[in-house]
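Structural overview for review
What follows is the residue order along each chain.
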There are 4 protein chains.
Amino acid sequence: MDPNSKLSEEKVFKDPVHRYVHVRDKIIWDLIGTAEFQRLRRIRQLGTTYLTFHGAEHSRFNHSLGVYEIIRRIIDDVFHDREHWNNDERLLCLCAALLHDLGHGPFSHSFEKVFHLDHEDFTQAIITGPTEVNAVLRRIGDDFPKKVAEVIAKTYENKLVVSLISSQIDADRMDYLQRDAYYTGVSYGHFDMERILRVMRPQEDQVVIKQSGMHAVEDYIMSRYQMYWQVYFHPVTRSAEVILTKILHRAKQLHQGHYSFKHQPAHFYSLFEDELVLQDYLRLDESVILYYFQVWQDEEDPILSDLCGRFLNRRLFQYIEFNPNSQMKMWMELNHLFKKAGIDPDYYLVVDSSSDLPYDFYRPGEEEERLPIHLLMPNGDIRELSRESEIVEAISGKKRTDHKLYFPQDLIDRLSSKRKVKEQIIQLLSSGKN
Amino acid sequence: MDPNSKLSEEKVFKDPVHRYVHVRDKIIWDLIGTAEFQRLRRIRQLGTTYLTFHGAEHSRFNHSLGVYEIIRRIIDDVFHDREHWNNDERLLCLCAALLHDLGHGPFSHSFEKVFHLDHEDFTQAIITGPTEVNAVLRRIGDDFPKKVAEVIAKTYENKLVVSLISSQIDADRMDYLQRDAYYTGVSYGHFDMERILRVMRPQEDQVVIKQSGMHAVEDYIMSRYQMYWQVYFHPVTRSAEVILTKILHRAKQLHQGHYSFKHQPAHFYSLFEDELVLQDYLRLDESVILYYFQVWQDEEDPILSDLCGRFLNRRLFQYIEFNPNSQMKMWMELNHLFKKAGIDPDYYLVVDSSSDLPYDFYRPGEEEERLPIHLLMPNGDIRELSRESEIVEAISGKKRTDHKLYFPQDLIDRLSSKRKVKEQIIQLLSSGKN
Amino acid sequence: MDPNSKLSEEKVFKDPVHRYVHVRDKIIWDLIGTAEFQRLRRIRQLGTTYLTFHGAEHSRFNHSLGVYEIIRRIIDDVFHDREHWNNDERLLCLCAALLHDLGHGPFSHSFEKVFHLDHEDFTQAIITGPTEVNAVLRRIGDDFPKKVAEVIAKTYENKLVVSLISSQIDADRMDYLQRDAYYTGVSYGHFDMERILRVMRPQEDQVVIKQSGMHAVEDYIMSRYQMYWQVYFHPVTRSAEVILTKILHRAKQLHQGHYSFKHQPAHFYSLFEDELVLQDYLRLDESVILYYFQVWQDEEDPILSDLCGRFLNRRLFQYIEFNPNSQMKMWMELNHLFKKAGIDPDYYLVVDSSSDLPYDFYRPGEEEERLPIHLLMPNGDIRELSRESEIVEAISGKKRTDHKLYFPQDLIDRLSSKRKVKEQIIQLLSSGKN
Amino acid sequence: MDPNSKLSEEKVFKDPVHRYVHVRDKIIWDLIGTAEFQRLRRIRQLGTTYLTFHGAEHSRFNHSLGVYEIIRRIIDDVFHDREHWNNDERLLCLCAALLHDLGHGPFSHSFEKVFHLDHEDFTQAIITGPTEVNAVLRRIGDDFPKKVAEVIAKTYENKLVVSLISSQIDADRMDYLQRDAYYTGVSYGHFDMERILRVMRPQEDQVVIKQSGMHAVEDYIMSRYQMYWQVYFHPVTRSAEVILTKILHRAKQLHQGHYSFKHQPAHFYSLFEDELVLQDYLRLDESVILYYFQVWQDEEDPILSDLCGRFLNRRLFQYIEFNPNSQMKMWMELNHLFKKAGIDPDYYLVVDSSSDLPYDFYRPGEEEERLPIHLLMPNGDIRELSRESEIVEAISGKKRTDHKLYFPQDLIDRLSSKRKVKEQIIQLLSSGKN
């Protein structure tokens, strides 16, 4: 197939963030129409965040179109005729942008933690396996799916292409910051993307930003910082995440213990038995998960039933700040007291940690090497961002970590027959409050 | 319980449309926390519209908070100390506003059509039946649930209260126009609500608008008109709606014909047998419906399986304009040809109609009596809106109706062995195109 | 000079309405830098409107860049490669768009009325006369200034070009509706311009709109209607306009009566003597006018001094609705009473009228022939808008006129020594109130 | 007069930033109507910034209403019934907020520098002197004007009131950041003011912010930082400022040298002779200044004439970065060369510096003591912001300074008869570019 095959008429999607998403390439249109891509409509972009910010009900479908549109604008409006840019890579970039999140499952974070999955593996598998997406991509060439997968996996040889799709200032981050801000309604997350796009320049092995756009980039980094701590790591969201994780743990444990479910969890079998295959994975969307949570409310197992009810009806855990260094003793005492009170601490007393590094320059050898943002100076030099920006330098490399201890206040309040244990628990928890 | 019991600290919800939703009354906070209200998170506000406008993934939970907030602002900021307003009705209004959509099920429009349900009946049943919502409301007084239900049913004796909750310019409409515009991203749906709220005035038996705000009201009516035709009646949305309706029809038909489902549709039994009880209804949320659509894709019945796949993967029907007066003959011929081609026209050749009346003055005796919008003139007179506004007069009472004929282009394209029938169908359909 | 001569690097202006205004053509950049164009910074777009809507302090410079940018987007993003469009007209269109308001003076409306001027004549004179603008334009070709002037005067032979610059849906109107809404802060004035631009199509002798964009056009027409009555014809603005007009009348009258000004009105001489030449006109900006108003506050003439103080310190006239058919008698009586009270009715009792026609189809032979908006139907037909749109049909051709009678309430209130006359005046005026 | 005297009906101003400005107090309405307050309409908020950002044409009138409205919301919506707040101070705060910028003249920054004026002195003088504003304020009480002046001068005894009006997070800053962002159209300047207002709490001697609002405050500080460097210190704006300053210098110098002006600068006499009195100051608005600049274009003095033409027609100076430590020698050489070339370096070779301190904690004894922002912790403690916020700590106390050297590139380019000097100048200047 001609890779440049165009639709007879451009299609547009009305998008609240980018106003319009424009599709002219037949291949992009067809990818959007595949079952695997449409499935992203049934997976929320921000998992449990809608329980904190009720507006955050948008799906990964939504975000994927946005990332595609940003890359399209960079290529068609800015890079098109510039040195270092080879327009033969255009369609590859567009496909990688559109499909970069294809392997996400429902509530990815919890699922990946409990079942030791990696959504990136599934993205690769969907693109290269026996899927509708793969069939569409192969119309360009037999090795095209593999190339798309490589770009997403950051192993593609042209590092300029890789850095366009994945870097500390890529289309993915630019879309989600703005989109998540739009749907939650928070006032963070705004920065002048149009300006940043206009000053992006292709270099031999990376995308750089003209120095005149440095302040827009600073603004983007501050937006990112605020979104992480104000939205993504919101303690109420994490509370829902903790409960979700414990539901999955419990269900797996019950299955492994040959518990007899009233309603057979057929969709989960291969997952529970660590034999998950692609076709089963693709059937796990949020509707299916929420369906099971509803029917599991009627299970005999009190922990599974209680946790599912908590999640569906938003009866979340409370929390206090927790310092793993100084408060381990308190935590162990609480464990002991919870057991005495008949509340299983494995499910009802949970430490959860978040940490974020707002920006970092290149530190070779670090666990997770991050490509720094580079500025193109008026004289043609390339300089790393934190050397030019005082604001960015001030926060560069500063990792911030936050631990919280989650527990069900309502269960504690109801410990009427165990007055002494109850008092001890309440005292310990309030001593931990600051 | 003291009806004015307040939270120790005001709670706020971040809302993209109204910036913040403020809750000070304990009763409102507790209503939001009930299982029946949280269930609204699992029902999309705009049903199948997200298949046309990908941003429209917001839930009825979202909208219900918004309607509450508008009513709260009208009462606390505008009506509070005014003549004709009795602040003892405040909590009643807030509860009615919050709960007015409580009985909505998933994809209400289709469900109500196929199963002859009425979401308003369920709203009444939830408020007055054995539910968490009812228990919270009864803390105010034994007859309080009934009063809330009456306000929503428009039978409450104080007509001022009724007109605040339901009229041609009520909080419900003002919220959804703005909210649906925000999430779809369309540029219609904007009007100066802050202005309208500021010029609302309570009268003995209705809410009126000061004449100085007439132009803001005109703008609201135009927004409403545009939203109906550009968003709510969008032909692609209606195509999805048609398929959804046909899925429900088919499943019911199969059940009545004692078809043996691979996966027992337990959630649907009482529905299929016209014996739906409240507790079953409350379990029917969108997750459950989409779960069934997924498993039904694997059913033997080719129609059920095909339609479910179409809905989930957005392989919708095409359409042409249809004139029921002049094209009945064409439609009958197409019916005949579809049968010949082996495509069941009962499921695959569907006429769907939309109609809207943007505004109307009072026409006693009409099927659906609409309370007109009244202006309060500087001299104290009350005048009906269309007598003052040329723009509104111009469109007043003008009902617009639109019919379309939906069909699966892909099935027709694949009729390779029936070339003649195929050609005839294609010719008839294209003759209908304008 | 090469008409396509480009700047070495694109220049951008940050614009609140269009985000960025892009300039790549050297000729455009140089036109912006001329003294005649920079002068537009000293002339407010909306004249006296800032006395009603304090945000409306933006200049014609601001608007002119906006109109240029809209035309640039239509040509570069939509028309570029299409049939009927000859890209050789591009620069001509851009120049005409940028310069279309070049001849505006300060508070144009009043000046034109009092001194029988026409800003369009001055636009022509500046473009074709001995000016910096003319010198820049002549670098393209000796007849280029004339062509630009013809496009603005609507006499250019290529009617497609003319209709792009001036029609019932042109870049001028689209910019000012949005811009004036932005700066005043009103919620009218919003419509989906991006959508309208995308569906504009060049035809042999006009620009048409694809039928799929009809609703965006309806929205535009409603915006226009609301802006006229809510902003442009606001009675407070008209009150300031009335005073301004009377100041100019008075100063001219004094000059003609050989009144000896303390401060010689040198800038006004040629104007007062009907011998205004281009170079004098170009020196008349708002700073100059306001400077004179300030110094005239100290003139001996009580009327000139009073009116100038009123304008500068916003002590405006009050108003009542006025019906020229039924209230002429009242008006004559008031004239008489004002004279008795020692208040000159020529300056202090003023009828002012506004009228607008929101949209009209083509009515040959009418005083002001308006080119209708044409839709391009899917089958290639061209249809006039009001035949397709019910909303537009409803308001099409409906001219609305409004008359008000302005007077200084404070002077009347101070008529203490003439109690009877005062009472009669007050009674007559209040009888006119509705 | 009763200080609580209300208007019979609330007045509203449509405001693009705060949607509506609400006025209920008669005293506020009357202050707005005074000549001294209306004069603020003729003074731009951002001086010469409109020559860089064409949208920045808004006046100090605009901003003053905004500051008033923010204070009104804090008092009426948040402080009203709280401990530590005495509502008797309400009207005092509203008046101080409205009038805090009353003494600003046109292009304050340059005027104050050249003529050693201080707009704060004039604010005091207008409030306490023989003015319309003073007359209105005295209706509340004889000492009321003095109290208003003290609040603005920060000497008022109730430090809570002072900190409400002037602090590192006061209504003044919150309004101008948002307003200037709105009119320029930049994407900086956004923060969640509604959130900040809601978490402000009165304490005995200061306003504090509840810790839960810390991130909104961080966002505000970052907005402030970006606005300073991106907008307020924009090098093009400073170039216009440099020229303006030099015009004023030149005119004063000519006057002192008994130069005979063609057009007598009557408005400037007392200013030039360091005998400026209040009534003369009040007559100096931007219209007057721009009027003189226009007529001075025709003066014989080539420097005055040239500089005025540059300012009016935006033919600004170019600039290079300048390091006062290492580049003094270069600067002296350039001075020498400019003289040789016949270009007066006193007017055409200007170093201009900007510096800003984004936030600082309290440093007793410093030249300009700044009141730090204090957080109110959940346990009732008060903590200084930079101790809680890592981001703020990172930039706290870090003063940033920037120097630039301005010169007229066009004059240098035209030095054709002095080829060698020209080359030397060009070489020196380009060596300074980085």
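Thresholds applied
Residues numbered from 1 in each chain as written. Chains lettered and ligands numbered in written order. Predicted model: local features only at pLDDT ≥ 70, side-chain atom pairs only at ≥ 80, totals over all residues. Helix = DSSP H or I, 4+ residues; strand = E, 2+ residues; numbered from the N terminus. Rg over C-alpha atoms; globule rule 2.2 N^0.38 Å. Buried ≥ 20, exposed ≤ 12 C-beta atoms within 10 Å, placed from the backbone. Contact = placed C-beta atoms within 7 Å. Pairing = 2+ DSSP bridges. Axes fitted to C-alpha atoms, helices over the stretch in contact; angles between N-to-C directions. UniProt positions renumbered as here; feature names shortened; annotations may be inferred. Domains from an automatic or database assignment. Nonpolar A, V, L, I, M, F, W, Y, C, P; charged D, E, K, R; others polar. Parallel < 35°, antiparallel > 145°, perpendicular 65-115°, else oblique. Left-handed = near helix turned anticlockwise from the far one by under 90°. Least-squares fit on C-alpha atoms with pLDDT ≥ 70 in both. Expected span 1.5 Å × (residues − 1). pLDDT = per-residue confidence, 0-100.

**Topic: the overall build of chain A**
Along its length, chain A carries 23 helices and nine strands. In terms of overall size, chain A behaves like a compact globule, its C-alpha atoms giving a radius of gyration of 24 Å where 434 residues would be expected to give roughly 22 Å. In chain A, which comprises 434 residues, the share counted as buried stands at 51%. Of all intrachain contacts in chain A linking residues separated by at least 6 positions in sequence, the fraction that spans at least 24 positions is 69%.

**Overview of the sheet that holds strand 3 (residues 200-202) of chain C**
All names here are of chain C. Ordered by their spatial adjacency, four strands build an open sheet running 3-4-7-8, and the pairing between neighbours is mixed. Each having just a single partner strand, strand 3 and strand 8 (382-384) make up the two edges of the open sheet. Each adjacent strand pair in this sheet contributes to an overall mean axis angle of 45°, direction not counted. Inspection of the sheet shows strand 7 (residues 374-376) paired to strand 8 by three bridges, in the antiparallel sense. Looking at the pairing, leucine 375 lines up with arginine 383 of strand 8.

**Focus: the sheet that holds strand 9 (residues 400-407) of chain B**
All names here are of chain B. The strand order across the open sheet built from three strands is 5-9-6, with neighbouring strands paired in antiparallel fashion. The outermost strands of the open sheet, each flanked by one partner alone, are strand 5 (318-321) and strand 6 (350-356). Taken over all neighbouring pairs, the strand axes of this sheet differ in orientation by 30° on average, direction set aside. Sheet topology note: the strand 5/strand 9 ladder contains four bridges and is antiparallel. Bridge pairing links glutamate 321 to lysine 404 in strand 9.

**Focus: the UniProt feature "domain: HD" (unreviewed entry) in chain A**
Residues annotated by UniProt as "domain: HD" (unreviewed entry) correspond here to residues 60-177 of chain A. A distance of 13 Å separates the end C-alpha atoms of residues 60-177 of chain A, which is 67% helix and 0% strand.

**Concerning the interface of chain A and chain B**
Accessible area lost during the coming together of the parts is what is often quoted as the interface size. Across the boundary between the two partners, chain A contributes 32 residues, which contact 32 residues of chain B. If you list the elements that add at least two residues to the side of chain A that touches chain B, you get strand 1 (6-15), helix 2 (35-38), helix 3 (60-79), helix 10 (171-184) and helix 16 (286-296) of chain A. Among the elements that make up the side of chain A that touches chain B, the one with the highest residue count is helix 16 of chain A (five residues).

**As for the domain arrangement of chain A**
All names here are of chain A. Considered domain by domain, chain A is made up of domain 1 (6-232), domain 2 (234-311) and domain 3 (317-358 + 400-434). Here domain 1 and domain 2 have C-alpha centroids that lie 30 Å from each other. Tallying the contact residues gives 25 residues for domain 1 and 19 residues for domain 2. Top element by residues in the side of domain 1 that touches domain 2 is helix 5 (residues 108-115). It accounts for six residues. Residues of the side of domain 1 that touches domain 2, tallied by class, amount to 11 nonpolar, nine polar and five charged.

**Brief notes about the packing of helix 16 (residues 286-296) of chain D against helix 17 (residues 302-312) of chain D**
Residue and element names in this part refer to chain D. Packing of helix 16 against helix 17 leaves a shortest axis separation of 8 Å and a crossing angle of 125°. Between helix 16 and helix 17, the angle is such that the two are oblique. Every pair of crossing elements has a handedness; the one defined by helix 16 and helix 17 is left-handed. Counting all contacts with helix 16, which are made through Phe293, Gln294 and Trp296, the residues of helix 17 involved are Leu304, Ser305, Cys308, Phe311 and Leu312.

**Section: the environment of Val288(C)**
The topology assignment puts Val288(C) in helix 16 (residues 286-296). A C-alpha to C-alpha distance of 8.0 Å links Val288(C) and His267(C), two positions 21 residues apart in sequence.

**Quick notes on the relation of the copies chain A and chain B**
Mapping chain A onto chain B calls for a rotation angle of 180° and an axial translation of 0.0 Å; the resulting RMSD is 0.0 Å. Given the turn and translation reported, the copies of this chain are related as if by a two-fold rotation axis. Taking C-alpha positions as reference, the residue of chain A nearest the rotation axis is Ser287(A), located at 2.0 Å. Comparing contact sets, 100% of the residues at the interface of chain A also lie at the interface in chain B, consistent with an isologous, same-surface contact.

**A word on the environment of Ser239(B)**
Residue and element names in this part refer to chain B. Along the chain, the position of serine 239 falls in helix 13 (residues 235-256). Overall, serine 239 belongs to the buried group, with 25 C-beta atoms counted inside 10 Å. Sequence-wise, serine 239 and tyrosine 406 are 167 residues apart; in three dimensions their C-alpha atoms are separated by 6.8 Å. Serine 239 has contacts with Leu316, Phe317, Tyr319 and Tyr406, leaving out every residue within four places of it along the chain.

**Focus on the environment of Phe53(C)**
Tracing the sequence through the fold places Phe53(C) in the loop between helix 2 (35-38) and helix 3 (60-79). The class of Phe53(C) is buried, set by 23 C-beta atoms lying within 10 Å. In sequence terms Phe53(C) and Val186(C) are 133 residues apart; their C-alpha atoms lie 9.0 Å from each other. Not counting chain neighbours up to four residues away, the residues in contact with Phe53(C) comprise Thr184(C), Gly185(C), Val231(C) and Lys14(D).

**Details of unusual backbone geometry**
Note on backbone geometry: most residues besides glycine have negative phi, and most peptide bonds are trans. Residue and element names in this part refer to chain A. Phi is positive for histidine 116, which is not a glycine, with a value near 55°. Backbone geometry at arginine 314 places phi at a positive 55°, although glycine is not the residue there. Here arginine 314 is to be found in the loop between helix 17 (302-312) and strand 5 (318-321).

**Overview of helix 3 of chain C**
Taking 1.5 Å per residue, 20 residues should reach 28 Å; helix 3 of chain C reaches 27 Å between its end C-alpha atoms and fits that length. Within helix 3 of chain C, 16 of the 20 residues are buried, which leaves it mostly tucked inside the rest of the structure.

**Some points on the confidence of the model for chain A**
Per-residue confidence for chain A averages 93 on the pLDDT scale, and 97% of its residues sit at or above 70. Here the predicted complex scores 0.94 on pTM and 0.95 on ipTM.

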